[in-house]
Amino acid sequence: MLDYASHARHTLELQANALLKAMGALSNPILEPIIHALAGAPLVVVMGVGKSAHVGHKIAATMTSTGTKAIFLHPTEAMHGDMGIVGSQDVILAISYGGESVELLDALRVIPYKTLIAMSKDSQSSLGKLATYHLKLEIEQEAFHLVPTTSSTLSLALGDVLAVCLMAHKNFQKEDFALTHPGGLLGKQLRLQVKDVYRTQNLPLVGVDCSLHQALLCANDKGLGNALLLDREQRLVGVLSDGDIRRALLQPASFDLNAPAKNFATLEPKCIDNPHMPLIQALEFIETHQISLLIVLDTQQRVLGVLHLHTLLALGLSKPT
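Going by the annotation in an unreviewed UniProt entry, the name recorded for the chain is KpsF/GutQ family sugar-phosphate isomerase, with Helicobacter mehlei given as the source organism. In the Sequence similarities (unreviewed entry) part of its UniProt record, the chain is described as follows: "Belongs to the SIS family. GutQ/KpsF subfamily."

Participant: Report on the pattern of salt bridges, specifying residues and quantitative values.
Facilitator: Counted under the stated rule, the structure contains ten salt bridges. Between Asp160 and Lys58 there is a salt bridge, with the nearest N and O atoms lying 2.6 Å from each other. Note that Asp160 is positioned in helix α7 (residues 150-170) and Lys58 in helix α3 (residues 51-65), a separation of 102 residues in sequence. Through salt bridges with shared partners, a single network forms among Asp231, Glu233 and Arg235.

Participant: Explain the pairing of strand β4 (residues 115-120) to me, using residue names and the numbers behind them.
Facilitator: Counted residue by residue, β4 has six buried out of six residues, so it is predominantly covered. Side-chain alternation along β4 places Thr115, Ile117 and Met119 on one buried face and Leu116, Ala118 and Ser120 on a second face that is also buried. Judged from the five bridges that link them, strand β3 (residues 91-95) and β4 form a sheet pairing that is parallel. Of the residues in β4, the one forming a bridge with Leu93 is Ile117. Viewed along the sheet, the connection from β3 through helix α5 (residues 102-108) into β4 turns out right-handed.

Participant: Mind laying out the packing of helix α1 (residues 4-25) against α7, listing which residues take part and the relevant values?
Facilitator: Two numbers describe a pair of packed helices, the interaxial angle and the distance between the axes. With their axes 9 Å apart at the nearest point, α1 and α7 run at an angle of 40° to one another. Between α1 and α7, the interaxial angle falls into the category oblique. Note that α1 runs across α7; the crossing there is right-handed. For the pair formed by α1 and α7, the contact residues are Leu14, Gln15, Ala18, Leu19 and Ala22 on the first element and Thr150, Thr153, Leu154 and Ala157 on the second.

Participant: Let's hear about the UniProt feature "site: Catalytically relevant" (unreviewed entry) in the chain: which residues, and what values?
Facilitator: The sites that UniProt annotates as "site: Catalytically relevant" (unreviewed entry) are Lys51, Glu103, Glu142 and His181. With respect to the helices and strands, Lys51 occurs in helix α3. Inspection of the secondary structure puts Glu103 in helix α5. On the basis of relative accessible area, Glu103 is assigned to the partly exposed category, the value being 38%.

Participant: Describe the sheet that holds strand β6 (residues 205-207), naming the residues involved and giving the relevant values.
Facilitator: One open sheet holds the three strands; their spatial order is β6-β7-β8, and the pairing between them is mixed. The sheet is open, and its two borders are formed by β6 and β8 (236-241), each paired with just one other strand. Between one strand and the next, the sheet's axes are offset by a mean angle of 35°, whatever the strand orientation. Relative to β8, strand β7 (residues 226-230) is paired through five bridges, and the arrangement is antiparallel. Counted as the bridge partner of Leu228 is Val239 from β8.

Participant: I'd like a description of the environment of Leu309, backed by residues and values.
Facilitator: Secondary-structure assignment places Leu309 in helix α14 (residues 309-314). Sequence separation between Leu309 and Leu283 is 26 residues; the distance between their C-alpha atoms is 8.4 Å.

Participant: Report on the domain arrangement of the chain, specifying residues and quantitative values.
Facilitator: Taken domain by domain, the chain comprises domain 1 (4-172) and domain 2 (194-315). Averaged C-alpha coordinates put domain 1 and domain 2 at centres separated by 55 Å.

Participant: Explain the packing of helix α2 (residues 28-39) against α7 residue by residue, including any values.
Facilitator: Contact pair α2 / α7: the axes reach a minimum separation of 10 Å and the direction vectors enclose 70°. Classified by the angle between their axes, α2 and α7 sit roughly perpendicular to one another. On α7, the residues touching Leu31, Ile34, Ile35, His36, Leu38 and Ala39 of α2 are Val161, Leu162, Cys165, Leu166, His169 and Lys170. Across the contact of α2 with α7, the residue classes break down as nine nonpolar, two polar and one charged.

How each quantity is defined
Residues numbered from 1 in each chain as written. Predicted model: local features only at pLDDT ≥ 70, side-chain atom pairs only at ≥ 80, totals over all residues. Heavy atoms only, no water. UniProt positions renumbered as here; feature names shortened; annotations may be inferred. Salt bridge = Lys/Arg side-chain N within 4 Å of Asp/Glu carboxyl O. Helix = DSSP H or I, 4+ residues; strand = E, 2+ residues; numbered from the N terminus. Buried < 20%, exposed > 50% of the residue type's maximum accessible area, 1.4 Å probe, protein only. Pairing = 2+ DSSP bridges. Right-handed = clockwise from strand over helix to strand, strands pointing away. Axes fitted to C-alpha atoms, helices over the stretch in contact; angles between N-to-C directions. Parallel < 35°, antiparallel > 145°, perpendicular 65-115°, else oblique. Left-handed = near helix turned anticlockwise from the far one by under 90°. Contact = heavy atoms within 4.5 Å. Domains from an automatic or database assignment. Nonpolar A, V, L, I, M, F, W, Y, C, P; charged D, E, K, R; others polar.

Rendered as structure tokens:
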């Protein structure tokens, strides 16, 4: 029986060593001109053949989604007309571990570009000699003979290095990320506002002088587990939550269903006055104050609507961690 675990550990050890060695070799003098070149380019064109092409697709996609316009261009397709997408001010990021890929080298000799950044094992390779800047792919060996494993992992990691450095250079924030990922969880959190999802009808509103029994009936009827206590001008006075009830039940001597609900309610509840607040901020507010119902007020302290944690969960959102 083969020792699969031994093969697995060997593979990961080789890749981990390559990453650690690369981490020690990178420095500002190496990265700074590369990042400035990439950041100033109208378009970053990533190129590679074979496994490097698959790595290149991922690098281009990561850059595009994090504020740097990038595409992947296959060298063969470039030689059959697609090189027309490359402009004289663009930057090419070429990936080839050996640095001797014939298709890649042929394309680079005829494509117009401003700067060539190369990833290969040797700056003296054919690719390295063409490059403006060179990132060394230094590995002990591939995990299994000549199959690209360690080298492709390192190439992918260095692509992430460039993307992250570009994000820092451009001060790319999560709000920027959401603009390019509107269908994702973070995009949904940042794109949607409280007003888009909060409840404005069938609210559990009761008078401030109502009894505890009346408030409980209202809270149960409206299905929110809370009753909002209003004064005669319809301004919010307090909130009777399920947490308030649980705390009251711990003191049975004072628990009286006929007593005023305000005796048990939270009289200074945590509220917001901005229905345009992004959901990401609303989630943070809920988490910070450990509440399940977020009340939205107007400038006169009247209730505009409420946002329940269950609504956020139904949308696929949750409290931020």
